[in-house]
Amino acid sequence: MHVTIVGGGIAGLATAYYLQEKSREAGEAVAYTLIESDPGFGGKVVTESVEGFTIEGGPDLILTQKPWGVRLCRDLGLDDRLISTNCDRQKTFLVQGGRLVPFPSDFTLIPTRFMPFVRSPLFSLRGKLRMGMDWFIPARRGTSDESLANFIRRRLGREALDKIGGPMLAGIHSADPERLSLLSTFPRFADMEQQHGSLIRAMRAARKARPPLGEHARPPAMFISLVGGLGELVDAITERLGSDLRTGHRVTGLRFLDPGFEVELDGEGGQTLGTDAVVLAVPAFAAADLVEPVLPDLAVRLRQIRYVSTGTVALAYRKADVDPQHDLDGFGFLVPRSEGRRITGCTWMSSKLNHRAPDDGVLIRGFVGGDAQEEAVDLPDSALVDLVREEIAELVGITAEPILHRIHRWRRGRPQYDVGHLDRVVEMEALAAKTPGLYLTGSAYRGAGIPDCVKQAMDTVDRILEG
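Quick summary incoming for the structure in this document. (Residues numbered from 1 in each chain as written. Predicted model: local features only at pLDDT ≥ 70, side-chain atom pairs only at ≥ 80, totals over all residues. Heavy atoms only, no water.)

### Here we look at the pattern of salt bridges
Link 1 in the chain: In this structure the tally under the stated criterion is 36 salt bridges.
Link 2 in the chain: R342 serves as the salt-bridge partner of E390, at 2.9 Å between the closest nitrogen and oxygen. Of the two residues, E390 sits in helix α14 (residues 381-396) while R342 sits in the loop between β16 (332-334) and β17 (345-347), which places them 48 residues apart along the sequence.
Link 3 in the chain: Overall, the relative accessible area of 38% leaves R342 in the partly exposed class.
Link 4 in the chain: Residues D381 and R409 are paired through a salt bridge, measuring 2.8 Å at the closest nitrogen-oxygen approach. Separated by 28 residues along the polypeptide, D381 in helix α14 and R409 in strand β19 (residues 404-415) bring together distant segments of the chain.
Link 5 in the chain: Each of D134, R140, E146, R154, R155 and E193 takes part in a single network of salt bridges with overlapping partners. (Salt bridge = Lys/Arg side-chain N within 4 Å of Asp/Glu carboxyl O. Helix = DSSP H or I, 4+ residues; strand = E, 2+ residues; numbered from the N terminus. Buried < 20%, exposed > 50% of the residue type's maximum accessible area, 1.4 Å probe, protein only.)

### Let's talk about the sheet that holds strand β5 (residues 62-63)
Link 1 in the chain: In spatial order, the strands read β5-β9-β6; together these three strands make up an open sheet with antiparallel pairing. Of all strands in the sheet, those bounded by a partner on one side alone are β5 and β6 (82-84).
Link 2 in the chain: Sheet topology places β6 next to strand β9 (residues 223-226); three bridges connect them, and they run antiparallel. Considered in β9, the bridge of I83 is made with S225. (Pairing = 2+ DSSP bridges.)

### Quick notes on the side chain of T85
Link 1 in the chain: Here T85 lies in the loop between β6 and β7 (92-96).
Link 2 in the chain: Note on T85: relative accessible area 7%, which makes it buried.
Link 3 in the chain: Ignoring any residue separated from it by four or fewer positions in sequence, one finds T85 in contact with L61, F223, F331, K352 and L353. (Contact = heavy atoms within 4.5 Å.)

### Some remarks on the pairing of strand β18 (residues 361-369)
Link 1 in the chain: Of all nine residues in β18, eight are buried, a share of seventy percent or more.
Link 2 in the chain: Bridge count for strand β15 (residues 307-318) against β18 is nine bridges, and the pairing is antiparallel. Bridge pairing links Y317 to V362 in β18.

### A look at the packing of aromatic side chains
Link 1 in the chain: One pass over the full model with this rule turns up seven aromatic pairs.
Link 2 in the chain: Summarising the aromatic geometry, the rings of F151 and F189 are spaced 6.3 Å apart at their centres and angled 15° between planes, so their arrangement reads as stacked. Pair noted here: F151 is in helix α5 (residues 148-156) and F189 is in helix α8 (residues 187-196), with a separation of 38 residues, a long-range link. As far as burial versus exposure is concerned, F151 and F189 are alike and both buried.
Link 3 in the chain: Taking 5.2 Å as the distance between ring centres and 45° as the angle between the ring planes, the aromatic pair formed by F256 and F261 counts as tilted.
Link 4 in the chain: Relative accessible area serves as the criterion here: at 1%, F261 is assigned to the buried category.
Link 5 in the chain: Counting every residue linked through ring pairs, the aromatic cluster contains F93, F333 and W348.
Link 6 in the chain: In this structure, R201 is placed above the aromatic ring of W135, and the distance from its NZ or CZ to the ring centre is 4.6 Å.
Link 7 in the chain: Between the NZ or CZ atom of R412 and the centre of the ring of F285, over which it lies, the distance is 3.7 Å. (Phe/Tyr/Trp six-rings, centres within 6.5 Å; stacked < 30°, edge-to-face > 60°. Lys NZ or Arg CZ within 6 Å of the ring centre and 35° of its normal.)

None of this, on its own, says anything about what the molecule does.
Laid out in structure tokens, this is it:
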């Protein structure tokens, strides 16, 4: 059996790795070809080491509550390279009236501890009372999808939406909370409402059910990374892959032979591969171009998945150039849309994670773009750096010239999970199943984070080997 995997981001790499390992365990002879149009593998997982700074161009953390990313690291033997975020510096700030105001301790969307929430200057008295009303508001009847914005307004009020739902939750997806699907992105909140009737009541129940920690024990880290950055994960996978790996090649055509496929590649003279199965681990719009001759109805639905452009600007400074009044003691800050600023947030990388800057340096990363703010991504390099520097100077007080900077642009890089997304994905999967051997996987469908992409890769491999 031969499988062609189109797309060498984390979803394609994980598909190749688990296809190789699981077929060996099962004693089955399965070969594969992994094709990536870029010069290297990894997709948005890009790590640079420059003058002692470790710079991430895309994701910088792996969420541990979804176990599949951690499992992949451990399956690759990277246990001793795993590091967690610095728990003693995990404060996060929100820009409010041009100032950085800390979120209450141990706070995400739901106020789980009474006194830090009550004392917080982040919310008005009216906003605090409205959020507290969650305890009394009955659960919504029915389980259909709704927008994240509608859910937060309904349970916690408008102020919670502006200060938490938009910058923190929708910001994870570079999305508009008015369009973002709750069930596709934060299904846990919907489950909490249905099971407990109140988010606050649900969080309190979860706290009581949590086993007590030892006297000196810390709760498990919510996020991890690797000592040398997430690029180590890409390197570890590619080193283990033993089949046909091709970079710098673009798939230009796909023909269904019933059974099997022909996969056309670009390049001098072109090339055609015969294969038994095809895994499309590429953006939905790229998959649409390939499947249109085979399944035009599927192509139409794939193109309905919207994408937005984002960018990151990493700035490295000497520690001596940091304003003592803003000592970067925390993970960074988020920016609500109501502030009218040109960046969506900033991460203090050298505070959040060890091994990200030399002892006398600091590394920060500003974020631009996303829904309704994409124009910043297309600015010239100098203008984009100046934009981020100006925002950093106003909010954090760093006015010095950076030692170095790095820009990473991700045009049409973030899929948008609009309300009803999961129902549309089910339709796409059903249409793809009409062509035996055709599989869709990756960030466009059932989660965009590294653990989500790894889980989808595992599921795809299981379906291939069962088929």
